[in-house]
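Each chain, letter by letter, is given below.
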Amino acid sequence: MNKRKKLALPLLVLAVIIAVGVLMKHKDEPYQRNSGFIFGTSYNITYQSAADHKADIEKVLAMVDASLSPFNDTSVITHVNRNEAVVLDKYFLDVFNLASKICKDTEGAFDITVAPLVNAWGFGFKNGISPDAKSIDSLRQVVGFNKVRLENEKILKLDPRVMLDCSAIAKGYGVDVVANLLRDLGIKNFMVEIGGEIVTSGINPDRLPWRIGVTKPTDDSLSVNNEIQTVINVTDKAMATSGNYRNFYYKGGRKYAHTINPKTGYPVQHSILSATVITDDCATADAYATSFMVLGIEKAKQVLDRHPEMMAYFIYSDDKGQNQVWYSPSLKDKIAQ
């Protein structure tokens with residue numbers, strides 16, 4: 001063995017020892033658990049780290065809220081809705097551009113200009129009552145992504161009454177922002193959940209893949225029923241669920257659900273009860289879950305055919321009123337129960 005090889009061998013052994021030491025150190029690190037409230041809902045975040053990063057997490061969540069929350073009187077989106085001058089930040093621009101892309105892909109099923117209709121039906125950031133047909137026809141005149149555009153980082157409207165509501169994508173985007181923060185901090189094992197929208201990475205505290213439950217869709221406006229329909233192994237993926245079984249009300253003996261079809265102006269009446277989407281980022285999963293609730297199961301399948309990177313789990317009501325399940329073939333191996 002020559003002198004160079006003799007020198008390289010100890011260095012290689014040293015490198016292996018250091019690498020093993022680093023891995024053992026990370027293996028022994030505890031899992032932190034942070035919880036709180038944001039975007040009008042709760043968040044729960046679990047991550048493996050020697051340090052507690054709750055302050056950093058809440059800082060970035062507050063920044064997303066200050067950009068995208070229509071309930072925040074000083075947010076960027078509130079200024080846009082009031083037609084006031086405002087600097088559009090990265091969060092707003094990210095979400096607006098993604099929303100525009102998904103609106104086109106779903107032929108308008110996902111549309112963040114639906115705010116006036118959502119408000120009119122009593123599900124938005126303004127109180128409304130069940131509108132009549134005349135009111136709906138009037139509001140539809142100011143709904144549609146073709147009535148708003150982004151130009152030189154400014155929002156231009158064809159009608160000043162156009163309003164934006166990113167509620168069907170902002171939670172998922174917030175999850176992505178926190179997940180990216182944890183990655184930047186060097187954290188590899190984590191689960192971020194905000195209002196049921198989730199991103200996972202690595203392994204859970206039991207050294208196993210993350211397993212996420214899909215709630216059985218039963219009328220539960222108080223969110224007290226957490227019966228699980230199925231459990232899915234979700235690792236290094238994002239998952240979001242949309243359904244009409246929690247945000248609804250009854251009036252005159254009729255159920256009004258919060259998912260509004262932007263084209264008709266009315267709450268959707270499809271057989272689909274909940275749509276769960278699994279893909280690479282949570283903002284996309286969140287938006288498509290809402291889109292599928294608007295489209296219905298057959299049109300949703302057509303969208304999925306164009307997106308092999310996306311998986312979905314649908315719970316729907318059949319002709320006899322019985323709950324049935326359909327899911328992407330690629331999801332079969334991930335269903336734990």
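Calculation notes
- Residues numbered from 1 in each chain as written.
- Predicted model: local features only at pLDDT ≥ 70, side-chain atom pairs only at ≥ 80, totals over all residues.
- Heavy atoms only, no water.
- Helix = DSSP H or I, 4+ residues; strand = E, 2+ residues; numbered from the N terminus.
- Buried < 20%, exposed > 50% of the residue type's maximum accessible area, 1.4 Å probe, protein only.
- Contact = heavy atoms within 4.5 Å.
- Areas by Shrake-Rupley, 256 points an atom, 1.4 Å probe, with all protein chains shown as cover.
- Salt bridge = Lys/Arg side-chain N within 4 Å of Asp/Glu carboxyl O.
- Phe/Tyr/Trp six-rings, centres within 6.5 Å; stacked < 30°, edge-to-face > 60°.
- Axes fitted to C-alpha atoms, helices over the stretch in contact; angles between N-to-C directions.
- Parallel < 35°, antiparallel > 145°, perpendicular 65-115°, else oblique.
- Left-handed = near helix turned anticlockwise from the far one by under 90°.
- Nonpolar A, V, L, I, M, F, W, Y, C, P; charged D, E, K, R; others polar.
- Core = buried A, V, L, I, M, F, W, Y, C linked by side-chain atoms within 4.5 Å.
- Pairing = 2+ DSSP bridges.
- Expected span 1.5 Å × (residues − 1).

Colleague: Now, about the overall build of the chain: what can you tell me, with residues and values included?
Modeller: The number of helices and strands found in the chain is 9 helices and 14 strands. Taken across its 337 residues, the chain has 48% of its residues classed as buried. Within the chain, contacts between residues at least 6 apart in sequence are counted, and of these 58% link residues at least 24 apart. Per element, the accessible surface of the chain, about 17,300 Å² overall, is 53% carbon and sulfur.

Colleague: Can you tell me about the pattern of salt bridges, naming the residues and giving the values?
Modeller: Summed over the entire model, instances satisfying the criterion amount to 9 salt bridges. Close ionic contact of Lys237 with Asp280 constitutes a salt bridge, the shortest N to O distance being 2.8 Å. Taken together, the residues span a long stretch of sequence, with Lys237 in the loop between strand S8 (228-233) and strand S9 (238-243) and Asp280 in the loop between strand S12 (272-279) and helix H8 (282-295) at a distance of 43 residues.

Colleague: Before we move on, can you summarise the packing of aromatic side chains with the specific residues and values?
Modeller: One pair of aromatic rings is described through two measures. These are the centre distance and the angle between the planes. Counted according to the given criterion, the structure contains 7 aromatic pairs. Seen in terms of ring centroids, Phe92 and Phe96 are 6.1 Å apart; in terms of plane orientation they differ by 15 degrees. Their pairing is stacked. One end of the pair, Phe92, and the other, Phe96, are both in helix H4 (residues 90-105), 4 residues apart, so they sit about a helical turn from each other. Residue Phe92 shares its accessibility class with Phe96, and that shared class is buried. Grouping aromatic residues by their ring pairs yields a cluster made of Tyr288, Phe292, Phe314 and Trp326.

Colleague: So what's going on with the packing of H4 against helix H7 (residues 167-184)? Residues and values would help.
Modeller: Between H4 and H7, the least distance of the axes is 11 Å, while the angle of their chain directions is 125 degrees. One element, H4, and the other, H7, form an angle in the oblique class. Two packed elements cross with a definite hand, and for H4 against H7 that hand is right-handed. For the pair H4 and H7, the contacting residues are Lys90, Tyr91, Asp94, Val95, Leu98 and Ala99 in the first and Ile169, Tyr173 and Val177 in the second. Of the residues contributing to the contact of H4 with H7, the split by class is 7 nonpolar, no polar and 2 charged.

Colleague: An account of the nonpolar core is needed here, citing residue identities and associated values.
Modeller: In this structure, Phe92, Leu182, Phe292 and Phe314 are the most contacted members of the largest nonpolar core, which totals 68 residues. At 10 residues, the largest contribution of residues to this core is made by H8. With residues near it in sequence (within four places) discarded, Leu182 still touches Ile45, Tyr47, Ile57, Ile187, Phe190 and Val192. If you look at the next biggest cluster of nonpolar residues, it comprises 14 residues, including Met191, Met239, Ile278 and Tyr313.

Colleague: Which residues make up the pairing of strand S13 (residues 311-317), and what values go with them?
Modeller: As a general feature of sheets, a regular strand has side chains that alternate between the two faces. Taking burial as the measure, the 7 residues of S13 include 5 buried ones, the bulk of the element. Looking at chain direction, S12 and S13 are connected through 6 bridges and run antiparallel. Each residue of the ladder has a partner; that of Val277, found in S13, is Ala312. As paired strands, S13 and strand S14 (residues 323-327) are joined by 5 bridges and run antiparallel to one another. In the sheet register, Tyr316 faces S14, and the bridge partner there is Gln324.

Colleague: Residues and numbers for H7, please.
Modeller: An ideal rise of 1.5 Å per residue puts 26 Å on 18 residues; H7 measures up with 26 Å between its terminal C-alpha atoms. Those residues of H7 lying buried are Ile169, Ala170, Gly172, Tyr173, Gly174, Val175, Asp176, Val177, Val178, Ala179, Leu181 and Leu182. Tucked inside the fold, the buried residues of H7 contact strand S2 (41-48), helix H2 (54-68), H4, strand S5 (190-194), strand S6 (197-201) and H8. Directly beyond the C-terminal end of H7, a positive phi value near 85 degrees is found at Gly186.

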